[in-house]
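Structural characterization, general
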Amino acid sequence: MRRIPAPFFIPVALLAAAALAAPAHAGDVTVSIHEARSQSGQFQVALVDADGYAGRSGPVAAQRVAPAGAVTPVTFADLPAGRYALMVIHDENGNGTLDTNVIGMPVEGYGFSNNPRVMRKPTFDEAAFEIGADALALDIAIR
C-alpha cells in the first residue's frame, strides 16, 4: 500500500475547510427603477440587511446612478445569499440626502423592494426578499 506524506493532507484539508467556510454567493440582482418624477439628479440605491435597515450598520452594497429614461437598471453582482431589502432615494437636487418638508414628509422620490404601500417607512419584513443561488430581478416604483 502506498503512503502519502502527511504534509499533503494538511493543505488539502485547509482548502476544503476554507471552501466550506466561504459565504455562499448568489447570481446577480437586477433592479429596475421606474416611475421617477424627473430625470434630474441621481438614484441612491442601497442593499441592506436587517441591521443596515435599522441604521445599525452600513449597506451591504450601494450604487448611485443617473436616471436613464422610463426604466433605470441597476445590477448588484456576486452577493452573499441571505435576506435583504432595497432602499432607493431619488436625490433630484443632488445634495446627497432625501429632502423632507417641515413635518418630515419626503419631497423627493423614494422606493423600497416589494413596493409596500404604507404611509410610513415600511418594516424590514415588508421590504425583505431572499437572495439565493439564482439570479433575481426586482422592480421598484418611485413614490
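Fair warning: this is a prediction, and the values are worked out from it, not measured in the lab. (Residues numbered from 1 in each chain as written. Predicted model: local features only at pLDDT ≥ 70, side-chain atom pairs only at ≥ 80, totals over all residues. Heavy atoms only, no water.)

1. Some points on the pairing of strand β1 (residues 29-34)
- The element β1 is extensively covered by neighbouring structure, given that five of its six residues are classed as buried.
- As paired elements, β1 and strand β4 (residues 71-76) share six bridges and run antiparallel to each other. Its bridge partner lying in β4, Thr30 is registered against Thr75.
- In terms of strand pairing, β1 meets strand β8 (residues 136-141) through six bridges, oriented parallel. If you follow Val31 over to β8, its bridge partner there is Leu138. (Buried < 20%, exposed > 50% of the residue type's maximum accessible area, 1.4 Å probe, protein only. Helix = DSSP H or I, 4+ residues; strand = E, 2+ residues; numbered from the N terminus. Pairing = 2+ DSSP bridges.)

2. What about the packing of aromatic side chains?
- Summed over all chains, the structure comprises three aromatic pairs.
- Here Tyr53 and Phe124 contribute two aromatic rings whose centre-to-centre distance is 5.6 Å and whose plane-to-plane angle is 65 degrees, an arrangement assigned as edge-to-face. Taken together, the residues Tyr53 in helix α2 (residues 50-53) and Phe124 in helix α3 (residues 124-127) connect sequence positions 71 residues apart.
- Since its relative accessible area comes to 13%, Phe124 is described here as buried. (Phe/Tyr/Trp six-rings, centres within 6.5 Å; stacked < 30°, edge-to-face > 60°.)

3. Structural notes on the nonpolar core
- Core analysis: the largest hydrophobic core is formed by 19 residues, its most contacted members being Val31, Ile33, Val45, Leu47, Phe76 and Leu86.
- Secondary structure elements with two or more residues in this core: β1, β2 (42-48), β3 (61-65), β4, β5 (82-91), β7 (129-131) and β8.
- Setting aside chain neighbours within four positions, we find Leu47 in contact with Pro59, Val60, Ala61, Leu79, Tyr84, Ala85, Leu86, Phe129 and Ile131. (Core = buried A, V, L, I, M, F, W, Y, C linked by side-chain atoms within 4.5 Å. Contact = heavy atoms within 4.5 Å.)

4. Looking at the confidence of the model for the protein chain
- Across the protein chain, the average pLDDT comes to 87, with 81% of residues at 70 or higher.
- Taken together, the stretch residues 7-22 has pLDDT below 50 and engages in one contact with residues farther than four places along the chain or on a different chain. (pLDDT = per-residue confidence, 0-100.)

5. Things to note about the sheet that holds β1
- Read across the open sheet, the three strands follow the order β4-β1-β8; overall the sheet is mixed. What marks the edges here is a single partner per strand, and that holds for β4 and β8. Adjacent strand axes in the sheet meet at a mean angle of 20 degrees, parallel and antiparallel pairs treated alike. (Axes fitted to C-alpha atoms, helices over the stretch in contact; angles between N-to-C directions.)

6. Structural notes on the environment of Val71
- Tracing the backbone through its elements, the reader meets Val71 in strand β4.
- Using a relative accessible area of 43% as the deciding quantity, one classes Val71 as partly exposed.
- As a C-alpha pair, Val71 and Ile33 span 38 residues in sequence and 5.5 Å in three-dimensional space.
- Those residues in contact with Val71 that lie beyond four places of it in its chain are Ser32, Ile33 and His34.

7. Quick look at the pattern of salt bridges
- Scanning all chains against the criterion turns up five salt bridges.
- With a shortest N-O distance of 2.9 Å, Arg83 and Asp125 are connected by a salt bridge. Of the two residues, Arg83 sits in strand β5 while Asp125 sits in helix α3, which places them 42 residues apart along the sequence.
- By relative accessible area, Asp125 is classed as exposed at 54%.
- Here Arg83 makes a salt bridge to Glu130, at a shortest N to O gap of 3.8 Å. (Salt bridge = Lys/Arg side-chain N within 4 Å of Asp/Glu carboxyl O.)

8. Re unusual backbone geometry
- The backbone of Glu35 shows a phi angle near 70 degrees, a positive value even though the residue is not glycine.
- Inspection of the secondary structure assignment puts Glu35 in the loop between β1 and β2.
- Backbone geometry places Asn115, a non-glycine residue, at a positive phi of 45 degrees.
- Among the residues examined, Asn115 registers a relative accessible area of 28% and is labelled partly exposed.

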